[in-house]
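Working through the structure, step by step
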Amino acid sequence: MLRSIKQLYGDKLRAKDGEIGRIKDFYFEDQNWAVRYVVVDTGQWLSGRLVLISPHAFANFDLDGVRRVVNLTREQIEKSPDYDSNQPVSRQYEDDYYRYYGWPQYWKGDGLWGMSAFPILELTAKYRPDAPGSDYTPPKRADTHLRSTEALNGYHIQTKEGAIGHVIDFIVDHETWAICHLVVETGHWFSGKEIVISPRQIDRISYEESKVFVSVTKEAIINAPEYHVPPWAFEDASTTAVR
């Protein structure tokens, strides 16, 4: 099943032993196009502190009543490494974060999630990064390529023939957490017509220019079938994607 990122903003999250806050943002990796963290505003619980929750923690991403459930306790989240929302997420922070929770680092291995194509909820001791006999080495300084879905909203789509439309949403696979499509509103061309573009059609993102450069033509975007995001979960949108 696929889900709209925009529809998840503001959703309540619950730990094993109580509510922890609301979804504020998603951080995705712009190389593999996978969501790596859910940014949670803890509200009054932790005085508005923002915390990162990895997809590894989501025992049930579907709604449980009116809340989504994470497989952590409030104490675990409260004692997790502090996150400075005013600074980019560093590899050192990610290493500290993953070692704290005992999850396999997604940047080590051939799978989308390192050792697997999916986030792993439960680990045996041998897979823990800090386990005796593990091949853990301190991370080297590296660009993590983590970007905010909220910040990317509104970025213009740039073809070789010129700009057409802007990003309004992301469609994510609820099992792998891979971003499958960007939803684009083509603006005044078709009075707000919405279409979807695959990450495979994206050449690069310019954060300085607030533009997404794509390999498809303006004509292909103009002729793409109109797309409407259904409520909640839905099937693959590939049949309506730009060709």
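Now for a description of the structure that goes with this document. Remember, predicted model here, so these are calculated numbers, not experimental data.

1. Examining the environment of Gln105
The residue Gln105 is located in the loop between α2 (91-101) and β8 (146-148) in this model. For the pair Gln105 and Met115, spaced 10 residues apart in sequence, the C-alpha to C-alpha distance is 8.3 Å.

2. Notes on the packing of aromatic side chains
The full count for this structure, using the stated rule, is 20 aromatic pairs. Seen from their ring centres, Tyr93 and Tyr97 are 6.0 Å apart, and the 35° between their planes marks the pair as tilted. With Tyr93 and Tyr97 both in helix α2, this residue pair falls four residues apart, about one helical turn. The pair Tyr93 / Tyr97 is uniform in exposure class, with both members buried. An aromatic cluster of three or more residues is present, and its members are Tyr27, Tyr37, Tyr83, Tyr93, Tyr97, Tyr98, Tyr100, Tyr101, Trp103, Tyr106, Trp107 and Trp113.

3. Notes on the pairing of strand β14 (residues 211-214)
Two elements, strand β9 (residues 156-159) and β14, share three bridges in a ladder whose sense is parallel. Within β14, the position partnered with Gln158 by the bridge is Phe213.

Definitions and cut-offs
- Residues numbered from 1 in each chain as written.
- Predicted model: local features only at pLDDT ≥ 70, side-chain atom pairs only at ≥ 80, totals over all residues.
- Heavy atoms only, no water.
- Helix = DSSP H or I, 4+ residues; strand = E, 2+ residues; numbered from the N terminus.
- Phe/Tyr/Trp six-rings, centres within 6.5 Å; stacked < 30°, edge-to-face > 60°.
- Buried < 20%, exposed > 50% of the residue type's maximum accessible area, 1.4 Å probe, protein only.
- Pairing = 2+ DSSP bridges.

Scope: geometric values only; no functional claims are made or implied.
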